[in-house]
Amino acid sequence: MPSPTDYRKLGCQECANGKALGFDFTMAFQPIVDVSKRKIFASEALARGLNGEGAGDVFTRVDKSNLYRFDQTCRTKAIKLASELNLSSLLSINFMPNAVYRPELCIRTTLAAAEQYQFPVEKIIFEITEGEEIDDISHMKEIVNYYQKTGFKTAIDDFGAGYAGLNLLADIQTDIIKLDMALIRNIDQRKASQAIVKGIYRVCEELDITIIAEGIETSEEFKALESIGINLMQGYYFAKPAFESIPHVDFEVLLD
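About the thresholds
- Residues numbered from 1 in each chain as written.
- Predicted model: local features only at pLDDT ≥ 70, side-chain atom pairs only at ≥ 80, totals over all residues.
- Heavy atoms only, no water.
- Helix = DSSP H or I, 4+ residues; strand = E, 2+ residues; numbered from the N terminus.
- Buried < 20%, exposed > 50% of the residue type's maximum accessible area, 1.4 Å probe, protein only.
- Contact = heavy atoms within 4.5 Å.
- Areas by Shrake-Rupley, 256 points an atom, 1.4 Å probe, with all protein chains shown as cover.
- Salt bridge = Lys/Arg side-chain N within 4 Å of Asp/Glu carboxyl O.

Participant: Help me out: how do you make sense of the overall build of the chain in this one?
Facilitator: Helix and strand counts for the chain come out as 11 helices and 9 strands. Within the chain, the fraction of its 256 residues that count as buried is 52%. For the chain, contacts bridging at least 24 residues in sequence account for 69% of all contacts bridging at least 6. By element, 47% of the accessible surface of the chain is carried by carbon and sulfur atoms, the whole surface being about 12000 Å².

Structure follows, in structure tokens:
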């Protein structure tokens, strides 16, 4: 975790132009669709190099020493670009809990960006992404609770993979969970995956948690998920991430 001394308030312009990091990057957007309403529910902001390089290329320049500044810069860039593109849906932004020392301090830059770029706080979803075991569950719970009280929506990304599973959900109830694409791949052909997803769906219904299925690539996967009752989906079947723009989704062709 970064040193507390690194948690100063970063200016919106400082984050927007890359000065906070010493290198610059931008964003692509991928829609999360509501297949029942045939509309875009949210757009996820994904880091990209200035020439369209993938997120992996950007992350090669991120380490523990600049993780907090990178996290703050991602938030500002996503909000700024979403505002410039007149994004009408919710905006989903990824963050790593290890980048957050004290939620009330780390959220200041986000709130300042939302105010400066006139993007409503209640339209922002924070997706928790974590590739390693979470040692401090109470800290994670504090972050989620604080963000929810501030007006943001929260989500657990890659649910069902690694450490993002039922044990985590027992301790922390976010507004949304995103099912890992490994559960979704070829779900129309895999009875075990269907049973697991149905079970998660029932648990989330009882806890009043919204489910998003990610990684949909075929009409068969889409139809299998729809038959379970899942209406929010994301994946190449609907649209690939679009560099600095919001991709079009042709619902008539895809869902009819």
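Following the structure, the description resumes.
Participant: Where do I start with the environment of Leu50 in this structure?
Facilitator: When you line up the elements, Leu50 lands in the loop between strand S2 (39–48) and helix H2 (55–59). Once residues within four sequence positions are removed from consideration, Leu50 is found in contact with Asp24, Phe25, Thr26 and Phe243.

Participant: Honestly, the pattern of salt bridges in this entry has me stumped. Any pointers?
Facilitator: Two side chains bearing opposite charge may form a pair once their charged atoms approach each other closely. Going through the model one piece at a time under the given rule, you end up with 8 salt bridges. Two residues, Glu217 and Arg185, come together in a salt bridge whose shortest N-O distance is 3.6 Å. Here the residue Glu217 occupies a position in the loop between strand S7 (210–214) and helix H10 (219–228), and Arg185 occupies one in the loop between helix H8 (181–184) and helix H9 (191–207), the gap between them amounting to 32 residues. A relative accessible area of 43% means that Glu217 is categorised as partly exposed. Classification of Arg185 as partly exposed rests on a relative accessible area of 22%. The partner of Glu221 in a salt bridge is Arg185, with the nearest N and O atoms 3.2 Å apart. Placement of Glu221 in helix H10 and of Arg185 in the loop between H8 and H9 is noted, with a sequence separation of 36 residues between them. Salt bridges here are not isolated pairs; linked through shared partners, they connect Glu44, Glu127, Lys178 and Glu214.

Don't take any of this as a statement about function, it's just geometry.
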